[in-house]
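Here is what each chain is made of, one letter per residue.
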Amino acid sequence: MRVSLPHVLSVWQRNFAMYRRTWKLNLLPNFFEPVLYLLAIGIGVGSYISEMGGTSYVAFLAPGLVTVAAMNGASFEVTYNTFVRLNFEKTYESMLTTPVQAEDLLFGEVLWAVTRSSIYGGAFFIVLIAMGLAPFPYALLAIPVIPLTGLLFASIGIAFSLRIQTIDLFSFYFTMFLTPLFLFSDIFFPLEERLSGAWLWVAELLPLLHPVRLSRAAFHGEFSAALWWDFAYIALLSLVLLYVAAGTVRRRLTT
Amino acid sequence: MATALENPHPVVDLERVTKSFGARLVVDALSLQVPRGACFGLLGPNGAGKTTALRMVYGVTRPDSGSIRVFGIDVGSDPRQVRSRLGVTLQENALIEPLTPVENLAVFGRFHLLTEREIRSRTEELLDFLELRSHADVPVRALSGGFQRRLSIAQSLMNRPELLILDEPTTGLDPAVRISLWSRVDQLRALGTTVLLTTHYMEEAERLCDQLVILDGGKAVAQGSPEELIDRVLAAEALELDVRPEEDAAIVAAFGAKRSLRAGSRLILYADDAGELALRLREQRPEHRARAVRRTNLEDVFLALTGAQLEFGA
């Protein structure tokens, strides 16, 4: 691969320049979504639940919702935005008339999606601190999980967006993929208490489960060697998908 | 620019370049040389391979065979180096709509790794050169088509390219904007920039290009200056007649024009002296009126070569 970091950053700067102009429209809805879940489910429903996983329900929910904020931040960027730049606005085509190469463009987009996921994850994390839901100092260890979650979902999303031919497929991506992940990745209830046997192994495939485990371990200050598996899953799946996406972006943009 | 003049390489050098997409042959053994400082035009009907040829020059499309050297460099071996020295204005504008012209230019400057200082000074120059200053801080989505087109060209000039590639630069623009863009191209050439363009407008090609190649089905069917092509393919002057197609053959045989073309309801005869042809016609066939006696233009050449109309050779 021929990646040039300065060119990757120039692509990142393009998105940053655009975001500075439009962040008010973008940031607010994305930011409020996990806050609303925290209030309605965590505090509302949570008041009928005496404890879960050894803590109050809202404290159980908080670490998972941090990763959801990061997942959403990355996913919006690399789905609709990437598709439009590739197919409608000819943004990528025009970048390739400059010294920027296809791989630079891919990594610039992913780096930007990680940045955006960090903005949303970080903003939500600040809300948790304000509400006293991020116990000091261990919860601070959850901060690196935010960009890691961003990287994972940027890689999944961009690999998907570069391959599909019609924008309509994103409704499947969100409704049939991200929403089930959101509901069944240990965020709202401990998965291992509801599943048994082979299903527990199947559940290990769910991408969001792994960032949630890392985040919750940090919030609770309970660390075990098993967390290396979660970290390895995120790193390996991201690398494999980025490698695949690099091939796709070359094929789509250069002939 | 002094060193540029000593450079013996053509700026663009294609040698027997061939490209297929699947079973479709898009560019067929195309050879062309663009000398430094020239304005070189690629003409041809839709699907003739013009855009593919341009994409190969800046290295986004790789040829199946043949060699492509730009500034003497093999494009495939070092596309970054080649692209840092050329600018491309694509057929479709690719601007960031929520941002202003100044911000759009800065984004492009960063793709070329210019410093913020260089970006500021070149933006200033280009705002003047392409008359963008009046709307320099207005979001692009609020600008007219002509304004957006000028901004697209300004973008491709941010790196002060030695070679400017324009893919249908004036399609869809009103005549005043076209004329003003043509004079910008003249100014750039006066500063030593080489220009390679495609166009559908023969008038534009005649006005701007000192050399051109006409492509049809990916093949170069003619190459030369506009005057050479007119002389070689047709003749200096044209006589247009309103006659029914059945009479074409008889008239062409009787008057001995060099070439003739049927264009819709008209028969066009080409000769070195079309006035003389018109006189003989009035004497021998008074029933046929000459509609026009004029200089032959590139449009005639284009129609003759790409077979867009039915032809009766003399």
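Owing to the predicted nature of the structure, the values given are computational and were not obtained by experimental measurement. (Residues numbered from 1 in each chain as written. Chains lettered and ligands numbered in written order. Predicted model: local features only at pLDDT ≥ 70, side-chain atom pairs only at ≥ 80, totals over all residues. Heavy atoms only, no water.)

S.K.: Lay out the overall build of chain B in plain terms, naming residues and giving numbers.
M.R.: Within chain B one finds 12 helices and 14 strands. Across its three principal axes, chain B shows a C-alpha extent of roughly 75 × 45 × 40 Å. Across the 314 residues in chain B, those meeting the buried criterion constitute 53%. Considering only contacts in chain B between residues 6 or more positions apart, those separated by 24 or more positions represent 69%. Element-wise, carbon and sulfur atoms account for 50% of the exposed surface of chain B, whose accessible area totals about 13,500 Å². (Helix = DSSP H or I, 4+ residues; strand = E, 2+ residues; numbered from the N terminus. Buried < 20%, exposed > 50% of the residue type's maximum accessible area, 1.4 Å probe, protein only. Contact = heavy atoms within 4.5 Å. Areas by Shrake-Rupley, 256 points an atom, 1.4 Å probe, with all protein chains shown as cover.)

S.K.: Describe the interface of chain B and chain A, listing the residues and the values that go with them.
M.R.: Each partner contributes residues to the interface: chain B has 28 residues there, and chain A has 29 residues. Summing the contributions of chain B and of chain A, the shared interface buries around 2,500 Å²; its carbon and sulfur component is 60%. Ranking the residues of chain B by area buried against chain A places R80, R83 and F111 of chain B at the top, with a combined share of 30%. Across the contact surface, chain B and chain A share two salt bridges. For the salt bridge of R21 of chain A with E103 of chain B, the shortest nitrogen-to-oxygen distance reads 2.7 Å. (Buried area = accessible area lost by both parts, 1.4 Å probe. Salt bridge = Lys/Arg side-chain N within 4 Å of Asp/Glu carboxyl O.)

S.K.: Residue-level account of the sheet that holds strand 7 (residues 163-167) of chain B, with values.
M.R.: Residues and elements named next belong to chain B. If you walk across this open sheet you meet the six strands as 6-7-8-3-9-10, and the pairing is mixed. Bordering the open sheet on either side are strand 6 (86-89) and strand 10 (219-224), each of which pairs with just one other strand. Strand-to-strand, the axes of this sheet are offset by a mean angle of 15 degrees, without reference to chain direction. Direction of pairing for strand 6 relative to strand 7: parallel, over a ladder of four bridges. Bridge pairing in strand 7 links T89 to L166. Sheet contacts for helix 2 (residues 50-57): strand 3 (39-43), strand 6, strand 7, strand 8 (194-199) and strand 9 (211-216); angle to strand 7, the most-contacted strand, approximately 155 degrees. Along the sheet, helix 9 (residues 226-233) contacts strand 9 and strand 10; its crossing angle with strand 10, the most-contacted strand, is approximately 110 degrees. (Pairing = 2+ DSSP bridges. Axes fitted to C-alpha atoms, helices over the stretch in contact; angles between N-to-C directions.)

S.K.: Tell me about the sheet that holds strand 2 (residues 24-34) of chain B, and name the residues and values.
M.R.: All names here are of chain B. Here we have four strands laid out as an open sheet, ordered 2-1-4-5, and antiparallel in their pairing. A single partner strand is all that each edge strand has here, and the edge strands are strand 2 and strand 5 (73-74). Where strand 1 (residues 12-21) lies against strand 4 (residues 65-70), five bridges are found, and the strand directions are antiparallel. Note on strand 4: the bridge partner recorded for L14 is I68.

S.K.: Residue-level account of the packing of helix 9 (residues 209-220) of chain A against helix 10 (residues 227-253) of chain A, with values.
M.R.: Residue and element names in this part refer to chain A. In the contact formed by helix 9 and helix 10, the axes pass within 9 Å of each other and the chain directions differ by 135 degrees. In terms of orientation, helix 9 lies oblique with respect to helix 10. Between helix 9 and helix 10 lies a crossing whose hand is left-handed. For the pair helix 9 and helix 10, contact is made by H210, P211, R213, L214 and A217 and by L227, W229, D230, F231, Y233 and I234, respectively. Here the residues of the contact of helix 9 with helix 10 sort into eight nonpolar, one polar and two charged. (Parallel < 35°, antiparallel > 145°, perpendicular 65-115°, else oblique. Left-handed = near helix turned anticlockwise from the far one by under 90°. Nonpolar A, V, L, I, M, F, W, Y, C, P; charged D, E, K, R; others polar.)

S.K.: Can you explain the pattern of salt bridges? Please cite residues and give values.
M.R.: Oppositely charged side chains may form a pair once their charged atoms are brought near each other. Residues and elements named next belong to chain B. A full pass over the atoms with the stated rule returns 31 salt bridges over all chains. A salt bridge links D128 to R133, with the nearest nitrogen and oxygen atoms 3.0 Å apart. With relative accessibility at 37%, the residue R133 sits in the partly exposed group. For R178, the salt bridge goes to E203, with nearest N and O atoms at 3.8 Å. One end of the pair, R178, is in helix 7 (residues 175-190); the other, E203, is in helix 8 (residues 202-208), with 25 residues separating them in the sequence. Salt bridges sharing partners connect three or more residues here, namely E240, D242, R266, R291, R294 and D300.

S.K.: So what about a nonpolar patch on the surface? Which residues, and what values?
M.R.: On the surface, L28, F32, L36, L39, I43 and M131 of chain A cluster together to form a nonpolar patch covering roughly 530 Å² of accessible area. Residue placement: L36 of chain A occurs in helix 1 (residues 5-44). (Patch = residues over 30% accessible without salt bridge, like charges linked within 9 Å, V, L, I, M, F, W, Y side chains within 5 Å.)

S.K.: Report on the pairing of strand 8 of chain B, specifying residues and quantitative values.
M.R.: Each regular strand shows side chains that alternate between the opposite faces of the sheet. Residues and elements named next belong to chain B. Burial within strand 8 is extensive, with six of its six residues counted as buried. What you see with strand 8 is no split at all: T194, L196 and T198 on one side and V195, L197 and T199 on the other are buried throughout. The pairing of strand 3 with strand 8 spans five bridges and is parallel. Looking across to strand 8, one finds that C39 is bridged to V195. Here strand 7 runs beside strand 8; their pairing, made up of five bridges, is parallel.

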